[in-house]
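Listed below are the residues making up each chain.
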Amino acid sequence: MRAKIVAGNWKMNKTLEEANTLTSEISGMVADEVRGDVKVVLCAPFPYLLPVKKLIGDQTRIVVGAQNCSEHEAGAYTGEVSAPMLASMHIPYVILGHSERRQYFGEGGALLAKKVDVALKHNLTPIYCCGEPLEVRERNEHEALVKKQVEESLFHLDAETIKKIVIAYEPVWAIGTGKTASAQQAQDMHAVIRKHLAGKYGQAIADSISILYGGSVNAANAKELFACADVDGGLVGGVSLKSREFVEVIKSI
Ligand code: 13P
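Below, the structure is looked at part by part. Keep in mind the model is a prediction, meaning the values are calculated, not measured.

### Quick word on the overall build of the protein
Logical step 1: Secondary structure summary: the protein contains 12 helices and eight strands in total.
Logical step 2: Over its C-alpha trace the protein gives a radius of gyration of 17 Å, about what one expects of a compact globule, namely 18 Å for 253 residues.
Logical step 3: Counting only C-alpha atoms, the protein reaches 45 × 45 × 35 Å along its principal axes.
Logical step 4: When the 253 residues of the protein are sorted by exposure, 54% land in the buried category.

Have a look at this one:
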């Protein structure tokens, strides 16, 4: 059985006070309303990781994640945050390769492979993002691009290690646009990713890896997306900033 995961990516949003309120609301509702086998990950901005973690307390169904980490372990890299720092704060998850990092910060496959390695070395679970821009889908090259993104940053891992990865498929044209992929488009790409993993690592390992869908997930479309055979949860942006709707998304799994 693959882990069912719904992660909220807060991106660069909220003041500390707002982050605290959001966390308390989500935490209370998850405790009352969400089944026990769903893992909720709150990917907060770096300065809020510890306050959010503290507010969650011993609620085991919710954990905290970071949105990025450096490829370096320590040193003169002003403004960066390292995997050992996150590990020292007992942060279990880190998003890597988000399309906004690829687009605005020039992150590419080789760099992301290093970030994946340093995160794993410090026992963080990477949520590795892949996904195609609109023009690539229009050229019908989306499957080839996503397979390449998975290959170039993950396929150096051995079979035992790849099991520790969570993958998120986020078509760039669906992020923050209100234009979600159809359930069929999501399922098709998730199946392509899983088949690619199976080709390299075998079916049993491919079947054990959670693949999340991200891109304009909301309370109205989550049920259909999460019902797809190869969709194991979601990576949610805008809606993760609204406690009630986010919890409705979580309950759709
Ligand atoms: P939206 O849910 O706002 O489209 O963002 C998706 C995303 O980028 C999550 O990482």
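### Here we look at the pattern of salt bridges
Logical step 1: Within the structure shown, the criterion is met by 16 salt bridges.
Logical step 2: Arg-137 is paired through a salt bridge with Glu-132; the nearest N and O atoms lie 2.7 Å apart.
Logical step 3: Classification of Arg-137 as buried rests on a relative accessible area of 17%.
Logical step 4: With relative accessibility at 0%, the residue Glu-132 sits in the buried group.
Logical step 5: The network of salt bridges with shared partners includes Arg-2, Arg-194, Asp-230 and Asp-232.

### Focus on the side chain of His-122
Logical step 1: Within the secondary structure layout, His-122 lies in the loop between α5 (109-121) and β5 (125-130).
Logical step 2: Looking at His-122, its side chain comes within polar contact range of the side chain of Glu-73, at 2.5 Å.
Logical step 3: Apart from the residues lying within four places of it in its own chain, the contact partners of His-122 are Glu-73, Ala-83, Pro-84 and Ala-87.

### Side note on helix α9 (residues 183-201)
For an α-helix the count is 3.6 residues per turn, leaving residues at separations of three or four pointing the same way.
Logical step 1: The terminal C-alpha atoms of α9 lie 26 Å apart, and with 19 residues this matches the ideal 27 Å at 1.5 Å per residue to within 8%.
Logical step 2: By the burial criterion, the buried members of α9 are Ala-183, Ala-186, Gln-187, Met-189, His-190, Val-192, Ile-193, Arg-194, His-196, Leu-197, Ala-198 and Tyr-201.
Logical step 3: Positive phi shows up at Gly-202, right after α9, with a value of about 95°.

### Topic: the side chain of Gln-59
Logical step 1: Secondary-structure assignment places Gln-59 in the loop between α2 (49-56) and β3 (62-66).
Logical step 2: The buried category is assigned to Gln-59, whose relative accessible area is 14%.
Logical step 3: Contact partners of Gln-59, with chain neighbours within four places excluded, come to Ser-27, Val-30 and Ala-31.

### Notes on the environment of Ala-186
Logical step 1: With respect to the helices, strands and loops of the structure, Ala-186 is situated in helix α9.
Logical step 2: Between the C-alpha atoms of Ala-186 and Ala-229, which are 43 residues apart in sequence, the distance is 10 Å.
Logical step 3: Once you skip the residues sitting within four places of it in the chain, Ala-186 turns out to touch Ala-181, Tyr-213, Leu-225 and Val-231.

### Some words on the pairing of strand β1 (residues 4-9)
Logical step 1: For β1, the buried fraction is high: five of the six residues fall into the buried class.
Logical step 2: Crossover handedness for the path β1 to helix α1 (residues 16-33) to strand β2 (residues 38-43): right-handed.
Logical step 3: When β1 meets strand β8 (residues 233-236), the two strands line up parallel, connected through four bridges. Following the sheet pairing, Ile-5 is matched in β8 by Gly-233.

### With respect to the site of the ligand
Logical step 1: Neighbouring the ligand are 13 residues, the closest being Lys-11, His-98, Gly-176, Ser-216 and Gly-238.
Logical step 2: Contact with the protein chains removes 95% of the 310 Å² of surface that the ligand exposes when unbound.
Logical step 3: Broken down by class, the residue content of the shell around the ligand amounts to four nonpolar, seven polar and two charged.

Quick notes on the rules
Residues numbered from 1 in each chain as written. Predicted model: local features only at pLDDT ≥ 70, side-chain atom pairs only at ≥ 80, totals over all residues. Heavy atoms only, no water. Helix = DSSP H or I, 4+ residues; strand = E, 2+ residues; numbered from the N terminus. Rg over C-alpha atoms; globule rule 2.2 N^0.38 Å. Buried < 20%, exposed > 50% of the residue type's maximum accessible area, 1.4 Å probe, protein only. Salt bridge = Lys/Arg side-chain N within 4 Å of Asp/Glu carboxyl O. Polar contact = N/O pair within 3.5 Å; in protein donor to acceptor, adjacent residues only side chain to side chain. Contact = heavy atoms within 4.5 Å. Expected span 1.5 Å × (residues − 1). Right-handed = clockwise from strand over helix to strand, strands pointing away. Pairing = 2+ DSSP bridges. Near = heavy atom within 4 Å. Areas by Shrake-Rupley, 256 points an atom, 1.4 Å probe, with all protein chains shown as cover. Nonpolar A, V, L, I, M, F, W, Y, C, P; charged D, E, K, R; others polar.

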